[in-house]
Amino acid sequence: LSAGSRLAYCFFRLPLSSLDFTFRPARQVIWVDTLGQTLSSQASLISAVKSLDLLLGFTVGKASDNTRTRWGRRKPFIAVAFPLALLAFFLFVNAPSVGLGLARAKPRPPPCTHLVLNTSSPAGCPALKDCLERAMQQGEIDRFDFTSPSRVASLQSGGWQLSFWFALLYATYLACAYTCSQIPYDALGMELTDSYDERSSLFGLKTLFQFVGYAATPLLNIGLSALLADDLVALYSMLALAVGSLAVLAWASLLWNVVERPPPPEDHTILPVPIVPSARRVLANKPYLVYLLMKMPLSLVSLMPSNLAALWVKHNMALEAWNSMYNAVLMFALVGAMASIGVLVRSAQQYGKAAVLQAVLLVSGLLYLAVSFVPG
């Protein structure tokens, strides 16, 4: 496997990570805070879309295995699906700007804003304080420790059109970026070489690019916050443009530089196994069942912190500059994860993969329970 092919294959993993870390907080910044979608509505739509996407995954995997073209059986899926994912990603993040019937009426400016720039003068701060107190007495704004239900309802006024566009763009992005692109992409890496050592090296490099992509997004977000801290919609629009441009480059490099190996010749003496006997064989495979029992809760535990972090920082910590704090936390977490790769690899070589995995799961589970349920 040439160095160019290795680099082109692993480089594609970088924008996949960057897209993910841009897409997730955009659900809060763009759709909840800007367009007024309720969290309950969004959560219901995400659950429904992911449930359907789970079924689509089996179909895509089977279709990719059976595809035969001059370009291979994995790359055609990536070539077609990934541009559609980028289109859905751009529309999702830029929903208030591109229209689609989603833009809300521009609210009138809050009271007392004309006094904010005058606080440098001796009389500026008392005047601003008096103005804010009158506005609270008259009901124009809420007290600092109270939010009226009517104001919450007015901010969360998205109708069925908002839910329709969210579900359509979210489902398109999820299906095209992950199911129809990443499943063939992961299978492509397994088939590029038969050497165990070369494959381990390839996927180690791929993991490095994955974490670099995760780290690059909050780092770029923090940099843009210095310029656009007061306009998160514009910030995420710029972030989407940068990440999307990188994704196009990686997509073109993968298709141009990576050549698929021909699949093994089909043995026509082996008859296809119907789905019911196939399922019974899987259920009879005890090591695989143990793996599934480990994998399913691990997937939930690994997904929940990154998905709930934005909500925690914004609503529980009640920070005004929550976006900067959220991305700073992600940076610290990712630096720690990247620094642990070498330690985990050496530990696995010395103590065995199973023992290291058990230790990691135990420590991660205890930390997760402590963070989730210990008060404060």
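Everything that follows concerns the structure shown earlier in this document.
Counting restarts for each chain: residues are numbered from 1 in the order of the written sequence. Where local features are concerned, this predicted model is filtered to residues with pLDDT of at least 70; where side-chain atom pairs are given and counted, the filter is 80 or more; whole-chain, interface and lining totals use all residues. Side-chain measures here rest on the full set of heavy atoms in the structure, leaving out hydrogens and waters.

### Here's the deal with the nonpolar core
Here, nonpolar core refers to any group of buried Ala, Val, Leu, Ile, Met, Phe, Trp, Tyr and Cys residues whose side-chain atoms link them within 4.5 Å. Think of it in three bands: residues with accessible area under 20% of the maximum for their type are buried, residues over 50% are exposed, and the middle band is partly exposed, with areas taken using a 1.4 Å probe on protein chains only. Counting 68 residues, the largest nonpolar core has Tyr9, Ile30, Trp31 and Phe92 as the members making the most contacts within it. With residues up to four places along the chain from it excluded, the contact list for Phe92 reads Phe23, Ala26, Arg27, Ile30, Trp31, Phe166, Leu169 and Tyr170. The contact criterion used is simple: two residues touch if any of their non-hydrogen atoms lie within 4.5 Å.

### Remarks on a nonpolar patch on the surface
Residues Leu362, Val363, Leu366, Leu367, Leu369 and Phe373 make up a contiguous nonpolar surface patch of about 660 Å² in total accessible area. Mapping Leu362 onto the fold places it in helix H14 (residues 353–373). Judged by its relative accessible area of 55%, Leu362 is exposed. Put simply, a patch holds well-exposed residues, over 30% relative accessible area, that have no salt bridge, with like charges counted together within 9 Å and Val, Leu, Ile, Met, Phe, Trp or Tyr side chains within 5 Å. Surface accessibility follows the Shrake-Rupley procedure with a 1.4 Å probe radius. Residue values consider only the protein chains on display as shielding. Definition used for salt bridges: Asp or Glu carboxyl oxygen within 4 Å of a side-chain nitrogen of Lys or Arg. Helix and strand labels come from DSSP, where a helix needs a run of H or I of at least four residues and a strand needs a run of E of at least two; each type is numbered from the N terminus.

### Structural notes on helix H8 (residues 160–191)
Given a helix with a known number of residues, its expected span is that number minus one, times 1.5 Å. In this model, H8 (32 residues) spans 45 Å end to end at C-alpha, consistent with the 46 Å of a helix rising 1.5 Å per residue. Bend, in this description, refers to the angle at a residue between axes fitted to the seven residues ending there and the seven starting there. Of all the bends in H8, the greatest reaches close to 40° and is centred on Gln182; the proline Pro184 follows between one and four positions later.

### Things to note about the packing of helix H1 (residues 3–11) against helix H9 (residues 196–228)
At their nearest, the axes of H1 and H9 sit 8 Å apart, and the two run at 45° to each other. On the basis of the axis angle, H1 is oblique to H9. H1 and H9 meet at a crossing whose hand is right-handed. Each of Arg6, Leu7, Tyr9, Cys10 and Phe11 in H1 lies in contact with H9, whose residues at this interface are Glu198, Ser201, Leu202, Phe203, Leu205, Lys206 and Phe209. Gly is put with the polar residues, along with every residue not named as nonpolar or charged; the nonpolar set is Ala, Val, Leu, Ile, Met, Phe, Trp, Tyr, Cys and Pro, and the charged set is Asp, Glu, Lys and Arg. Looking at side-chain class alone, the contact of H1 with H9 contains eight nonpolar, one polar and three charged residues. The axes are straight lines fitted to the C-alpha atoms, using for helices just the contacting stretch, and the angles between their N-to-C directions are given from 0 to 180°. Working rule for angles: under 35 degrees goes down as roughly parallel, over 145 as roughly antiparallel, 65 to 115 as roughly perpendicular, anything else as oblique. In this scheme the handedness of a crossing depends on how the near helix is turned from the far one: anticlockwise by less than a right angle means left-handed, clockwise means right-handed.

### Quick notes on helix H2 (residues 13–34)
The terminal C-alpha atoms of H2, which comprises 22 residues, lie 30 Å apart, in line with the 32 Å expected from a rise of 1.5 Å per residue. Of all the bends in H2, the greatest measures close to 45° and is centred on Ala26. Taken across its 22 residues, H2 has 20 buried, putting it largely inside the fold. Backbone geometry just downstream of H2 places Gly36 in the positive-phi region, at approximately 85°.

### Quick notes on the pattern of salt bridges
A full pass over the atoms with the stated rule returns six salt bridges. In this structure, the salt-bridge partner of Arg24 is Asp20, at a minimum N-O distance of 2.8 Å. Of this pair, Arg24 and Asp20 are both found in helix H2, four residues apart, which corresponds to roughly one turn of the helix. Residue Arg24 shares its accessibility class with Asp20, and that shared class is buried. Close ionic contact of Arg73 with Glu191 constitutes a salt bridge, the shortest N to O distance being 3.0 Å. Of this pair, Arg73 sits in the loop between helix H3 (39–66) and helix H4 (75–93) while Glu191 sits in helix H8, placing them 118 residues apart in sequence. Its relative accessible area of 23% is what places Glu191 among the partly exposed residues.

### Digging into the environment of Leu224
Along the chain, the position of Leu224 falls in helix H9. Judged by its relative accessible area of 13%, Leu224 is buried. In sequence terms Leu224 and Ser324 are 100 residues apart; their C-alpha atoms lie 9.7 Å from each other. With sequence-adjacent residues up to four places away left out, Leu224 is seen in contact with Ala229, Leu235, Met238 and Leu239.

### Section: the environment of Ala48
Along the chain, the position of Ala48 falls in helix H3. Each C-alpha atom of the pair Ala48 and Ala167 lies 8.9 Å from the other, and the pair is 119 residues apart in sequence.

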